[in-house]
Amino acid sequence: MKISTDFIFKKACRLCAFAVPIFISAFFVQLAVSSSEAWKVFGLDFIVSGEWNPVSEKFGALNAIIGTLITTLIALSASLPLAFALALFIADAPEIMAKPLAHAIDLLASIPSVIYGMWGLFVICPIMQNIVQPFLIETLHFGKIPFFGTQGNGFGFLTAGLILAVMVLPYICAVMRDVFKMTPPMLREAAFGIGCTRFETAKDIVVKYGKRGILGGIFIGLGRALGETMAVLFVIGNFMGPPASLMGSGTTIASTIANNFAEADGLHKSALFALGLILLAMSLLIQAVSQYCLNKTDANSN
Amino acid sequence: MQNLKFKSLFFRKLKNGLFSIFSFFAVASSLFLIGWILFEIIKNGAGAISWEFLTNPSIPYGIPDAGISNAIIGTVLITFTAAAISIAPAMLAGIYLAEFGKNKKHAGAIRFGANVMMGIPSILVGLFIYMAVVVPSGNFSGLAGAIALAIIMFPIIMRTTEDMMAMVPNHLREASLALGMTKTRSTLGIVCRSAKNGLITGILLAIARVSGETAPLLFTALFCDDYIQNFFSQPTANMPVLIAEYATNSPFEEMHKSAWGASLIIILAILAINVSTRILLREKKNGH
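Described below are features of the structure shown in this document. Counting from 1, residues in each chain are numbered in the order their sequence is written. Chain letters and ligand numbers both follow the written order, the letters beginning at A and the numbers at 1. Totals for whole chains, interfaces and linings use all residues, but because this is a predicted model, local features are given only for residues with pLDDT of at least 70 and pairs of side-chain atoms are given and counted only at 80 or more. To get the side-chain values, all heavy atoms of the structure are used, and hydrogens and water are removed first.

### Focus: the environment of arginine 282 of chain B
Residue and element names in this part refer to chain B. Cut-off, in case you're wondering: Numbering of helices and strands runs from the N terminus; a helix is a DSSP stretch of H or I covering at least four residues, while a strand is a stretch of E covering at least two. Partly exposed residues are those whose accessible area sits between 20% and 50% of the maximum for their type, while under 20% is buried and over 50% is exposed, using a 1.4 Å probe and protein chains only.
With respect to the helices and strands, the residue arginine 282 is situated in helix α12 (residues 253–287). The class for arginine 282 is exposed, based on a relative accessible area of 55%. Taking the C-alpha atoms as reference points, arginine 282 and asparagine 197, 85 residues apart in sequence, are found 9.5 Å from one another.

Given below as structure tokens:
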């Protein structure tokens, strides 16, 4: 075969495109190799053990995993209804209002996480400590709910979860917005025509039509919240013990890695890589599910 | 037929009204949040910014006239090196998906992979580069940070390149091929050229996105209280790590103020990039 520029160009493009699967597998292999020592010593107990003691070299991921799940859960339950209502509003609103609003919300996504962290540390934490937490505990008596906690110092799962909620809001909202816009106008007009209210149209037509897309958006937000490092690191308190309450300090996988990495070596570092591997597996799974959902909606709309 | 049972109009309207109120609440609260964050950054950051702040290097606490110029230079250098490493291969990969792999199965898989890769937490990229670059080379370096950011940029540029090239009408491709151009020239000279503004937008957005990334730089570029000695083999000062260090590891009011000042500068840079992309895209719309 004659070697032409076309041939070379095509091969070069193909080579670059295949960098993607190569990178993803390289992440996996690298983390697996670097964490092999921890897996060898602890086995699968690493995942179910809650002990984290650098002095006696006993490590377990359970507290970090639970902490990650708690913050993610708080973040999603706070931002989902907001993102949903926002996306519906933007999809419904006239162009002149919808566009600036959409841009403003996208702005939230472009603020770096370290700045969210600083905002959380210097602005939100004092407010949580002095106003929100006393209000929740003393006025609303939420302290009687198990696991809610009876005192707080501003740091902890609740604060981290709320800041994460602000951070994932634009991502979920952007996906939902696109999904809602894909509903054929005819369906909505028909619903209005038979006398449905706006809420009923949204609930029975738009949501039903874009179910998979909404699910995809939720999973995208989930993936973002799982791996967020700096913002959480600043406000979660970095307490390695078992999570005691929502108001209490704790840790997440990503913040454990960032917080311990500088002073770790040997088995300790290996355990951190093992945490990284767990986080990678979780986020790959979630991203894959979200992409699967979103791809399906594209196929349906064509 | 359960859905058809009679529902009181009053409750239907009430539900709708409550939902409308919640919608307005959502809009108002999100706008309030954006305003609040920007307000706090400006309020706390504006006081820190002065000519000395922008032109003096950072120094340990206690010495007057500390600045952040070394961090600004470091961030600019790291980000642009990352862009230089990443842009060409990422665009080629995007071209492959848009031009060569249209109906191929593996192209779909690669697109899927790129989307997944965009969602991988950046801290894991930092860990990867730490093991792949920092440990073998024996020291933290600005270059390692740049490579980490390049990997984060790769799928972003790749996907926007593909999307922008897919928007170029097919008859342009056909016309250029009919004139006897090779596929390469047609792709680079005609398709890329007509998608130019979109491609630049994608690159700028990727730069804006990584310019504030902190977690990967913690493990790669680290920080140092001086101008860059050697970009390829020494820790390099940069803004995000400076903010993280000053905000968490220092009890001094002065340093917190510097961190706010640095945040303000990052935010202004990101806003400037965002605005310029909007202008670029608008020009394109008017051009057609």
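### Structural notes on the interface of chain B and chain A
Heads up, the rule is: Contacts were defined at the residue level, with two residues in contact if any of their heavy atoms lie within 4.5 Å. A simple way to read buried area is as the amount of 1.4 Å-probe accessible surface that goes missing from two parts once joined, with both sides added. One speaks of a salt bridge when a side-chain nitrogen belonging to Lys or Arg is within 4 Å of a carboxyl oxygen belonging to Asp or Glu. Here a polar contact is taken to be a pair of N or O atoms separated by no more than 3.5 Å, where protein atoms must pair a possible hydrogen donor with a possible acceptor and residues adjacent in sequence count only if both atoms sit in side chains.
On the chain A side, the residues contacting the 77 residues of chain B number 76 residues. Taking both sides of the interface into account, the surface hidden between chain B and chain A amounts to around 6,800 Å²; carbon and sulfur atoms contribute 81%. Interface area lost by chain B to chain A is led by Phe19, Ile37 and Phe128 of chain B, which between them contribute 9%. Between the two partners, chain B and chain A, sit 1 salt bridge. Between glutamate 200 of chain A and arginine 12 of chain B there is a salt bridge, and its shortest N-O distance comes to 2.8 Å. Applying the counting rule to chain B against chain A returns 10 residue pairs in polar contact (both at pLDDT 80 or more). With 20 residues, helix α1 (residues 9–46) of chain B is the single largest residue contributor to the side of chain B that touches chain A.

### A short note on the nonpolar core
The condition that has to hold: For the purposes of this section, nonpolar cores are sets of buried Ala, Val, Leu, Ile, Met, Phe, Trp, Tyr and Cys residues that join through side-chain atoms within 4.5 Å.
By size, the foremost hydrophobic cluster in this structure holds 191 residues, and its most contacted members are Phe46, Tyr116, Trp119, Phe234, Ile253 and Leu275 of chain A together with Ile123 of chain B. Take this core: its biggest share by element is 16 residues, from helix α8 (residues 157–181) of chain A. Apart from the residues lying within four places of it in its own chain, the contact partners of phenylalanine 234 of chain A are Val114, Gly117, Met118, Leu121 and Phe155 of chain A together with Ala244, Ala247 and Thr248 of chain B.

### What about the state of the cysteines?
Put simply, the rule is: A pair of cysteine sulfur atoms is labelled a disulfide when the two atoms are within 2.5 Å.
Following the criterion strictly, the structure yields 0 disulfides over all chains and no others. In this model cysteine 192 of chain B remains outside any disulfide bridge; the closest cysteine sulfur is found in cysteine 13 of chain A, 8.9 Å from its own. Residue class for cysteine 192 of chain B comes out buried when judged on its relative accessible area of 11%.

### Brief notes about the packing of aromatic side chains
Residues and elements named next belong to chain A. To keep things clear, this is the line we draw: A pair of aromatic rings is counted whenever rings of Phe, Tyr or Trp (Trp by its six-membered ring) have centres within 6.5 Å, and the orientation is called stacked for planes under 30 degrees apart, edge-to-face for over 60 and tilted otherwise.
Counted according to the given criterion, the structure contains 22 aromatic pairs over all chains. Measuring from centroid to centroid gives 5.7 Å for phenylalanine 84 and phenylalanine 180, while their planes differ by 85°, and the two rings are edge-to-face. Placement of the pair is phenylalanine 84 in helix α5 (residues 62–92) and phenylalanine 180 in helix α8, with a sequence separation of 96 residues. The class of phenylalanine 84 is partly exposed, set by a relative accessible area of 23%. Seen in terms of ring centroids, tyrosine 116 and tryptophan 119 are 6.4 Å apart; in terms of plane orientation they differ by 75°. Their pairing is edge-to-face. One end of the pair is tyrosine 116 and the other is tryptophan 119, both in helix α7 (residues 113–139) and 3 residues apart, which spans about a single turn.

### A closer look at the side chain of asparagine 16 of chain B
You can see asparagine 16 of chain B is positioned in helix α1. Its relative accessible area of 17% is what places asparagine 16 of chain B among the buried residues. Among the polar contacts listed, one links the side chain of asparagine 16 of chain B to the backbone nitrogen of phenylalanine 199 of chain A, at a separation of 2.9 Å. When sequence neighbours within four positions are dropped, the list of residues in contact with asparagine 16 of chain B reads Thr197, Arg198 and Phe199 of chain A.

Shape is all these values report; function is a separate question.
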